[in-house]
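An overview of the molecular structure
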Amino acid sequence: MEKKKNKKVFLKVVIIGDSGVGKTSLIHRYTSTRFLQDFKPTIGAEFSNKEVVINGKTVVAQIWDTAGQERYQSLGISFYRGADCCGIVFDRSDHSSFENLDTWKNAFLKHGAPKEEGTFPFLVIGNKSDLDDGSLVKERDAQQWCADNGNLEYIETSAKDNTSVEEAFTKLIEKGMEREKVNLVELPDRMSQKNKTVNLQRDVAKDVNRKPQKKKCC
Amino acid sequence: MDSSENSEEHYNDLDSEDKSDSSDFLSSGGSSKLREEETKKPVIDPVISRYLEKETTNPDNPAEKECKTKHQENLNAIFNFVHPAEKKKAEYHDPQNAVIEQRRDEQEVPMYEHDPMEDFKEALDNDEQRGSVSLDSDGSDDDHNDDLPRNSTPMTKEIKSRMELEGSFWQKHNKEGVQLQDGDTRDMYSVKNQVIRKAAVPRNTKEAMILRVDRKERAKKKEIAGMTLEQKKKALIGCDIRFSPKEWAQIIANDRKGKLYEISRKRISESLIKGIPDELRGYIWVFLCQAKVNREKYGEDFYDKLVSKGPSEKVQKEIDKDVIRTKGAVITKAQLESLTNILSAYARLDNELGYAQGMNYIVYYLLDTIEDEELSFWCLYDIMFNKNWRLILKDQTPKFFAVVKNCRRILYQEEPKLYKRMVKCKVPFAGIFSQYYISLFAYKLPKELVIRVLDVFLYEGEKKITQILIKLFKYNKKLLLSMDEDEVLEFTNNRLVSSYLDQESITSLVS
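As the structure is a prediction and not an experimental result, all values here were calculated from the model.

Here we look at the overall build of chain B
For chain B, the count of helices and strands is 30 helices and zero strands. In chain B, which comprises 511 residues, the proportion classed as buried is 52%. For chain B, the proportion of contacts with a sequence separation of at least 24, taken over those separated by at least 6, is 76%. About 25,600 Å² of surface is accessible on chain B, with carbon and sulfur atoms providing 49% of the total.

Here we look at a negative patch on the surface
A surface patch of like charges, here negative, comprises D484, E485, D486 and E487 of chain B. Examined against the element boundaries, D484 of chain B turns out to sit in the loop between α28 (477-481) and α29 (485-495).

So, the sheet that holds strand β4 (residues 85-91) of chain A
In space, the six strands of this open sheet follow the order β2-β3-β1-β4-β5-β6 (chain A), with mixed pairing throughout. Every other strand in the sheet has two partners, leaving β2 (45-54) and β6 (153-156) of chain A as the edge strands with one partner each. On average, each strand axis in the sheet is inclined to that of its neighbour by 25 degrees, with strand direction left out of account. One ladder, built from 10 bridges, connects β2 of chain A with strand β3 (residues 57-66) of chain A; its direction is antiparallel. In the strand pairing of β3 of chain A, A45 of chain A is matched with T66 of chain A. Sitting on the sheet, helix α2 (residues 23-32) of chain A touches β1 (9-17), β2, β3, β4 and β5 (122-127) of chain A, and the angle it makes with β3 of chain A is about 155 degrees. Each of β1, β2 and β3 of chain A is contacted by α29 of chain B, which is oriented at about 140 degrees to β2 of chain A, the strand it contacts most.

Quick look at the packing of aromatic side chains
Across all of its chains, the model carries 30 aromatic pairs over all chains by this definition. Ring geometry for Y30 of chain A versus F169 of chain A: centroids 4.3 Å apart, planes at 10 degrees, classification stacked. With a gap of 139 residues between them, Y30 of chain A in helix α2 and F169 of chain A in helix α7 (residues 165-180) connect regions that are remote in the sequence. Of the two residues, Y30 of chain A and F169 of chain A, both sit in the buried class. Geometrically, the ring pair formed by Y298 of chain B and F302 of chain B is tilted, given 4.8 Å between the ring centres and 35 degrees between the ring planes. A relative accessible area of 22% means that F302 of chain B is categorised as partly exposed.

Digging into the interface of chain A and chain B
Taken together, the contact between chain A and chain B spans 27 residues of the former and 36 residues of the latter. Both faces considered, chain A and chain B share a buried interface measuring about 2,700 Å² in area, 50% of it formed by carbon and sulfur atoms. The salt bridge partner of R71 of chain A is D395 of chain B, with a shortest N-O separation of 3.5 Å. The interface formed by chain A and chain B includes 15 residue pairs in polar contact (both at pLDDT 80 or more). Where the side of chain A that touches chain B is concerned, the elements lending two or more residues are β2, β3 and α3 (77-80) of chain A.

Regarding the pattern of salt bridges
Overall, the coordinates contain 27 salt bridges over all chains when judged by the stated rule. A salt bridge links D84 of chain A to R179 of chain A, with the nearest nitrogen and oxygen atoms 3.4 Å apart. Here D84 of chain A, found in the loop between α3 and β4, pairs with R179 of chain A, found in helix α7; they are 95 residues apart in sequence, far enough to count as distant. Under the relative-accessibility criterion, D84 of chain A is labelled buried at 7%. For the salt bridge of E462 of chain B with K399 of chain B, the shortest nitrogen-to-oxygen distance reads 2.8 Å. Residue E462 of chain B is found in helix α27 (residues 462-475), and its partner K399 of chain B is found in helix α23 (residues 398-414); the two are separated by 63 residues along the sequence. Residue K399 of chain B is classed as buried on the basis of its relative accessible area of 17%.

Examining helix α3 (residues 46-53) of chain B
Residue and element names in this part refer to chain B. Within α3, burial applies to V47, I48, Y51 and L52. In an axial view of α3, the angular spread of the buried residues amounts to 140 degrees, which keeps them on one side of the axis. In α3, those exposed residues whose orientation departs by more than 90 degrees from the buried face are P46 and E53.

Side note on the side chain of S19 of chain A
The residue S19 of chain A is located in the loop between β1 and α2 in this model. A polar atom in the side chain of S19 of chain A sits 3.0 Å from the side chain of Q357 of chain B. When near neighbours in sequence (up to four residues on either side) are disregarded, S19 of chain A contacts G68 and Q69 of chain A together with K321, D322, R325 and Q357 of chain B.

Structural notes on the nonpolar core
The biggest cluster of nonpolar side chains holds 137 residues, and the ones touching the most others in it are F108 of chain A together with M359, F433, Y437 and F441 of chain B. Sequence-distant contacts of F108 of chain A, defined by excluding residues within four places in its chain, comprise V14, I16, Y80, A83, C86, A113, P114, F120 and F122 of chain A. Ranked by size, the runner-up nonpolar core spans 24 residues in total, among them V52, A159, F169 and M177 of chain A.

Observations concerning the packing of helix α18 (residues 313-327) of chain B against helix α20 (residues 359-370) of chain B
Residues and elements named next belong to chain B. Put simply, α18 and α20 touch, their axes get as near as 10 Å, and they point 55 degrees apart. In terms of axis orientation, α18 runs oblique to α20. Helix-helix and strand crossings are classified by hand; for α18 and α20 the assignment is right-handed. Contacts between α18 and α20 pair D322, T326 and K327 from the former with N360, Y361, Y364 and Y365 from the latter.

Quick notes on the confidence of the model for chain B
Residue and element names in this part refer to chain B. For chain B, the mean per-residue pLDDT works out to 72, and 55% of the residues sit at or above 70. Per-residue pLDDT, averaged within each element of chain B, yields its smallest value for helix α8 (residues 135-138) (38) and its largest for helix α21 (residues 373-386) (94). Note on residues 1-42: pLDDT under 50 across the span, and 76 contacts to partners over four residues away in sequence or across chains. For residues 126-154, every residue scores under 50 in pLDDT, and the model assigns this stretch 48 contacts once sequence neighbours within four places are set aside.

A word on the environment of L445 of chain B
Residues and elements named next belong to chain B. Position of L445 relative to the elements: it lies in the loop between α25 (429-439) and α26 (447-460). When the C-alpha positions of L445 and S498 are compared, they lie 8.3 Å apart, and in sequence the two are 53 residues distant. Contacts of L445, omitting those with residues within four sequence positions, involve Y365, Y436, V450 and V497.

Here's the deal with the pairing of β4 of chain A
Two faces make up the sheet, and in a regular strand the side chains alternate between them. Residue and element names in this part refer to chain A. Extensive coverage of β4 is indicated by the burial of seven of its seven residues. Here β4 shows two buried faces, one formed by C85, G87, V89 and D91 and the other by C86, I88 and F90. Where β1 meets β4, five bridges bridge the pair, whose relative direction is parallel. Of the residues in β4, the one forming a bridge with I16 is I88. Bridging between β4 and β5 involves six bridges; their strand directions are parallel. Pairing of D91 across the sheet is with N127, part of β5.

The rules we used
- Residues numbered from 1 in each chain as written.
- Chains lettered and ligands numbered in written order.
- Predicted model: local features only at pLDDT ≥ 70, side-chain atom pairs only at ≥ 80, totals over all residues.
- Heavy atoms only, no water.
- Helix = DSSP H or I, 4+ residues; strand = E, 2+ residues; numbered from the N terminus.
- Buried < 20%, exposed > 50% of the residue type's maximum accessible area, 1.4 Å probe, protein only.
- Contact = heavy atoms within 4.5 Å.
- Areas by Shrake-Rupley, 256 points an atom, 1.4 Å probe, with all protein chains shown as cover.
- Patch = residues over 30% accessible without salt bridge, like charges linked within 9 Å, V, L, I, M, F, W, Y side chains within 5 Å.
- Salt bridge = Lys/Arg side-chain N within 4 Å of Asp/Glu carboxyl O.
- Lys, Arg positive; Asp, Glu negative; His and termini not counted.
- Charge placed at Lys NZ, Arg CZ, Asp CG, Glu CD.
- Pairing = 2+ DSSP bridges.
- Axes fitted to C-alpha atoms, helices over the stretch in contact; angles between N-to-C directions.
- Phe/Tyr/Trp six-rings, centres within 6.5 Å; stacked < 30°, edge-to-face > 60°.
- Buried area = accessible area lost by both parts, 1.4 Å probe.
- Polar contact = N/O pair within 3.5 Å; in protein donor to acceptor, adjacent residues only side chain to side chain.
- Arc of directions from axis to C-beta.
- Core = buried A, V, L, I, M, F, W, Y, C linked by side-chain atoms within 4.5 Å.
- Parallel < 35°, antiparallel > 145°, perpendicular 65-115°, else oblique.
- Left-handed = near helix turned anticlockwise from the far one by under 90°.
- pLDDT = per-residue confidence, 0-100.

Structure representation (structure tokens):
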């Protein structure tokens, strides 16, 4: 059991996007498999955990839900830091939220300050696909924007109909894991914490160093 | 209304109240004034008038009843006293008074603006109880200096003799040509002391006696309304100093400019912490926010104009989007409309801020409690401008970061172990605190807690929110220290408040 726990991977997933595009609904759909019609505007940030098995590995995804209003972007500093992947959501029935994708991406890169600006894993999510009245943001345009902004991946979802919500988050988590492959953050076992061989050696080394010093003094 | 007149009136009231109506807890306005006000304003809300008719003592609360009968006079003496500094504060907030003061400076100032008789009044009242001789009936005041105003209050012989001394003193020195300049508004005592120093009074003369009397008077002046600090403390021990519903009703009925600053701070905050009657909550909020005063300042139709003009299209869109989502099914159609109106009126008033998410929750509770659209708007105005909340909600949230920094500092000072643990767990302080500051606890928390927090916030402002947050961490200290890292994160984010939702713990939380 302990060995299995050891392999748990923690990922921080941040979901951003304009106010009212359905970030909270998406996350709620994914973590509790329900859809609530009346969601409140999110204040500050909230997060929920979801444990999933991807490619034989148990991943605990810490999904952060953020406030959509632009004025609170400066608060993002405390949420964006340390993110492993980021989902930018827009409302397909609201063109202005699509136009704001640029702002969101830049804000994330600015405040989150990830090490690799060019290759940081983003996923663009076009939500509310169920509201099909012909005036939705077209897939072509969205794909075009993604191609222009460093070949980002694009997915269309609907939190209401539960269309490809699971898929979107799985993709996000996979991307995050790829990024983390180099330096996987593994939970330190309690046993391993107790094994302080390195420290002991250091102590011995210090002692060895001290003794001759003392002799010199004497 | 002359402000000096005001203060004199106040002192008069203070004295008269001590003797007469002990059930009247209202401070400077005094019972007579209150009655006048009531007659002036025949339209009093039926809810308020019902409370006004009720008995003062609350039968449900035996402790309160006992306390009131026991310490009634003491408490009256303490709390009806308004410190001159507070009085000044009230004047300071009143631009009209400032204008009057300027004018007063230009006018001719009476020679003794400070009535010398006033200083004897306390002594008079004490002596009066022993049995009295009326000065007026005596007719002997004709002998006194004309500068001394006549007093209609009955006096003892002792005081009369003092008066004579006093009179002769002034007579003598006025003859010697020591006079106050016009416009000299110095305290009588300082002037008198100067005079005495100049005159180099020998011992065991009449003048020396005056000096002694003078010292006694001054010692008395240091005490508050005839009580020393120790007496005051004694009177307060074990005493419930909350306002009864009737007292609240009286305060509300007498809501006017500067009124808030005249009432004992301690009593208000104590009453708010221990809980106020639900039915009066809306009125009390209006009073605490000085909503009616603000409305008068801007004019009655100002709000309607703001609503009809409305904010820019973009802001209006944001508002409309959020209003529907604010409370979901709970909100009625009329409330929805009022909520939209208030938010758009505010966005119009404050172009710089416009609309910020979080305001919708605050306004919802204001509207739900006050049940009046316009007054709710003026309460919001007070929160945003006087309590400076607009700086917390403004773009880039400048004040919010300062506030969070302050919170962290306090937490570090008071609970260093807990603070280090939190930092180790990488708890984003700004993230945790944001919902509480931005929405004033109104986001996602049950109504019982929100209204109690708003009660204390509306009176004491930002510091109360900080206090409550620090308290939450202190209460949960053991739990937090025993948790794993990711549990700490989850707990601080979602469950910090959840275990403190019954009435008692709310009271301890907001105290």
